[in-house]
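A closer look at the structure
Each chain is listed here by its residues.
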Amino acid sequence: RSGYRFFGNVELASEYLAGDVNYQRVELGGSYHQPLDPGRWIHIGVSHGAIPTIGSPADDLPFNRRFFPGGENSIRGYQQGEAAPRDANGKLIGAETYLFASIEFEQALTKSWSLVAFFDNVNFARHLQDYPFNESLYSVGGGVSWKTVVGPVRFEYGYNLNPRAHDPSGTLQFSVGFPF
C-alpha cells in the first residue's frame, strides 16, 4: 500500500539467433502507491509497449506476440485480452503498440476489507506506423478488496465508457493480487 514498482521486459527474435522471425518486443511500466491518510490510499499505474519488426509484421511478428490488453491487471471493463484492436468482422487481432494508465482510490472499511474506485484507460494501435496510438478505450468501476496472506482478493466491476460494436458494456472481475 506504499511505495513504487518499475518493470521492463525486452524480447528479441531474430534469424541471426536461429529464429524464423525478426521482431523486438519492448514493455516498460511502473506503479506508485501512496497513503493519503490512515485508511485511504491512491494507486497509479502506467505501462507502455511497442513491437518493431525488421520486415513486414505479417511475416515477422507471430500473432501471439501482439499485445492483447484487458482483464483484471489491465483495463478492467474487459475480459483478458478483449481490449485489443478488432478487424472489420469484430475478430480480435492484437496491437503492435499500447499505452495503459490507471488510477485507483482505496478506502479501508476494516483492517482487512477495503472499497476501491478506479479509472482505467488503454490506447493502442494495430500497426506501429500509427505510433503511439490511434484508438482509446476507457472504463470506470469499483469493488471490494480483502487483504489476505497471499495478497488482496479482489472482486471488481468495470463499466466501459466507450465500448465498440463487439465489446461488452462492462465486466465483473475476480482476482488475487494487486492490479498493477
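Note that the structure is predicted; figures quoted are calculated from it, not measured.

**Some thoughts on the pattern of salt bridges**
- Taken as a whole, this structure holds 11 salt bridges when the rule is applied.
- For R65, the salt bridge goes to E11, with nearest N and O atoms at 2.6 Å. Of the two residues, R65 is situated in the loop between α1 (57-60) and β4 (97-108) and E11 in strand β1 (residues 3-13); the sequence distance between them amounts to 54 residues.
- Residue R65 is classed as partly exposed on the basis of its relative accessible area of 23%.
- Among the ionic pairs, R164 bridges to E135, the shortest N-O distance being 3.5 Å. Of this pair, R164 sits in the loop between β7 (151-160) and β8 (170-176) while E135 sits in strand β6 (residues 135-148), placing them 29 residues apart in sequence.
- The exposure class of E135 is partly exposed, given its relative accessible area of 27%.
- Each of R76, E104, D120, R154 and E156 takes part in one network of salt bridges that share partners.

**Things to note about the sheet that holds β1**
- With antiparallel pairing, 8 strands are arranged side by side in an open sheet as β1-β2-β3-β4-β5-β6-β7-β8. The sheet is open, and its two borders are formed by β1 and β8, each paired with just one other strand. Taken over all neighbouring pairs, the strand axes of this sheet differ in orientation by 15° on average, direction set aside.
- In this structure, β6 lies alongside β7, joined through 10 bridges in antiparallel fashion. Bridging from a neighbouring strand, S145 pairs with R154 of β7.

**Things to note about the pairing of β4**
- One ladder, built from 11 bridges, connects strand β3 (residues 40-50) with β4; its direction is antiparallel. Bridge pairing in β4 places R40 opposite Q107.
- Linking β4 to strand β5 (residues 113-125), which pair antiparallel, is a turn of 4 residues.

**Regarding the nonpolar core**
- Membership of the largest hydrophobic core comes to 15 residues, with the highest contact counts inside it found for Y23, I75, A83, Y98, V122, F124 and L137.
- Every residue in contact with L137, bar those within four places of it in the chain, is listed here: I75, Y78, A83, D120, N121, V122, F124, N162, R164 and D167.

**Some details on the environment of P85**
- As for its position among the elements, P85 is in the loop between α1 and β4.
- Since its relative accessible area comes to 3%, P85 is described here as buried.
- Residues P85 and R126 lie 41 residues apart in sequence; the distance between their C-alpha atoms is 5.9 Å.
- Ignoring any residue separated from it by four or fewer positions in sequence, one finds P85 in contact with K91, L92, I93, G94, A95, F124, A125, R126 and R164.

**As for the side chain of R66**
- Mapped onto the elements, R66 comes out in the loop between α1 and β4.
- At a separation of 3.3 Å, a polar atom in the side chain of R66 contacts the side chain of E96.
- Ignoring any residue separated from it by four or fewer positions in sequence, one finds R66 in contact with R25, I51, P57, L61, I93, G94, A95, E96 and R126.

Scoring rules and cut-offs
Residues numbered from 1 in each chain as written. Predicted model: local features only at pLDDT ≥ 70, side-chain atom pairs only at ≥ 80, totals over all residues. Heavy atoms only, no water. Salt bridge = Lys/Arg side-chain N within 4 Å of Asp/Glu carboxyl O. Helix = DSSP H or I, 4+ residues; strand = E, 2+ residues; numbered from the N terminus. Buried < 20%, exposed > 50% of the residue type's maximum accessible area, 1.4 Å probe, protein only. Pairing = 2+ DSSP bridges. Axes fitted to C-alpha atoms, helices over the stretch in contact; angles between N-to-C directions. Core = buried A, V, L, I, M, F, W, Y, C linked by side-chain atoms within 4.5 Å. Contact = heavy atoms within 4.5 Å. Polar contact = N/O pair within 3.5 Å; in protein donor to acceptor, adjacent residues only side chain to side chain.

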